[in-house]
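Descriptive structure summary
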Amino acid sequence: MTVFDEGMWLKSYELAAQLRQAGLNVMVYPEPAKLQKQFKFADRMKMSIAVTVGPDEASKGLAAVKNLLSGEQVTVSREALVEEIRKAIG
């Protein structure tokens, strides 16, 4: 789970908690930083998926799911997020 900026930090932690409740193993980047840096960290940690919620996504109830192996990214509703992550990790 990325942290888009200071203003989105709490939203990232809230979404991570919801994903954990759904049985997913989730790590939240420890501080706001450029997304590229967060994606590189996730790659080094051998994570296959990164989830990002920026202000635009948050206002629309969406989240971006990036497959770090293929580079593909899709934006889905929060309701479809768990299903999309499970589909992406196979």
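Residues numbered from 1 in each chain as written. Predicted model: local features only at pLDDT ≥ 70, side-chain atom pairs only at ≥ 80, totals over all residues. Heavy atoms only, no water.

Once that is clear, we can look at the overall build of the chain. The number of helices and strands found in the chain is four helices and three strands. Each helix and strand of the chain, placed in order from N terminus to C terminus, yields the pattern α-α-β-α-β-β-α. Its C-alpha atoms put the chain at 30 × 30 × 20 Å along the principal axes. Among the 90 residues that make up the chain, the fraction classed as buried is 37%. Look at the contacts in the chain between residues 6 or more apart in sequence, and 43% of them connect residues 24 or more apart. Put simply, the chain shows about 5,600 Å² of open surface, and 51% of that area lies on carbon and sulfur atoms. When the 12 positive and 11 negative side-chain charges of the chain are each reduced to one mean point, those points stand 6 Å apart. (Helix = DSSP H or I, 4+ residues; strand = E, 2+ residues; numbered from the N terminus. Buried < 20%, exposed > 50% of the residue type's maximum accessible area, 1.4 Å probe, protein only. Contact = heavy atoms within 4.5 Å. Areas by Shrake-Rupley, 256 points an atom, 1.4 Å probe, with all protein chains shown as cover. Lys, Arg positive; Asp, Glu negative; His and termini not counted. Charge placed at Lys NZ, Arg CZ, Asp CG, Glu CD.)

Unlike most non-glycine residues, lysine 46 shows phi in positive territory, near 65°. For lysine 46, the position within the fold is in the loop between helix 2 (35-44) and strand 1 (49-52).

Burial analysis of strand 2 (residues 62-67) places five of its six residues in the buried class, which makes it a mostly covered element. Counted between consecutive antiparallel strands, the loop separating strand 2 from strand 3 (residues 73-77) contains five residues, among which glycine 71 sits at a positive phi close to 85°. (Pairing = 2+ DSSP bridges.)

Here the focus is the nonpolar core. Among the nonpolar cores identified, the biggest contains 20 residues, and Met1, Leu15, Leu19, Val51, Leu81 and Ile85 are the most heavily contacted of them. Among the elements of the structure, helix 1 (9-21), strand 1, strand 2 and helix 4 (81-89) are those that each provide at least two residues to this core. If we skip the residues at most four places from it in the chain, leucine 19 touches Leu24, Val26, Leu81, Val82 and Ile85. (Core = buried A, V, L, I, M, F, W, Y, C linked by side-chain atoms within 4.5 Å.)

Per-residue confidence for the chain gives a mean pLDDT of 94, with 100% of residues at or over 70. When pLDDT is averaged over each helix and strand of the chain, the minimum, 93, is found for helix 2 and the maximum, 97, for strand 3. (pLDDT = per-residue confidence, 0-100.)

The subject of this paragraph is the pattern of salt bridges. Pairs can form between side chains of opposite charge once their charged atoms are near each other. In the structure shown here, the tally under the stated rule is one salt bridge. Ionic pairing is found between lysine 87 and glutamate 84, a salt bridge with its closest N-O pair at 3.4 Å. One end of the pair is lysine 87 and the other is glutamate 84, both in helix 4 and three residues apart, which spans about a single turn. The buried category is assigned to glutamate 84, whose relative accessible area is 17%. (Salt bridge = Lys/Arg side-chain N within 4 Å of Asp/Glu carboxyl O.)

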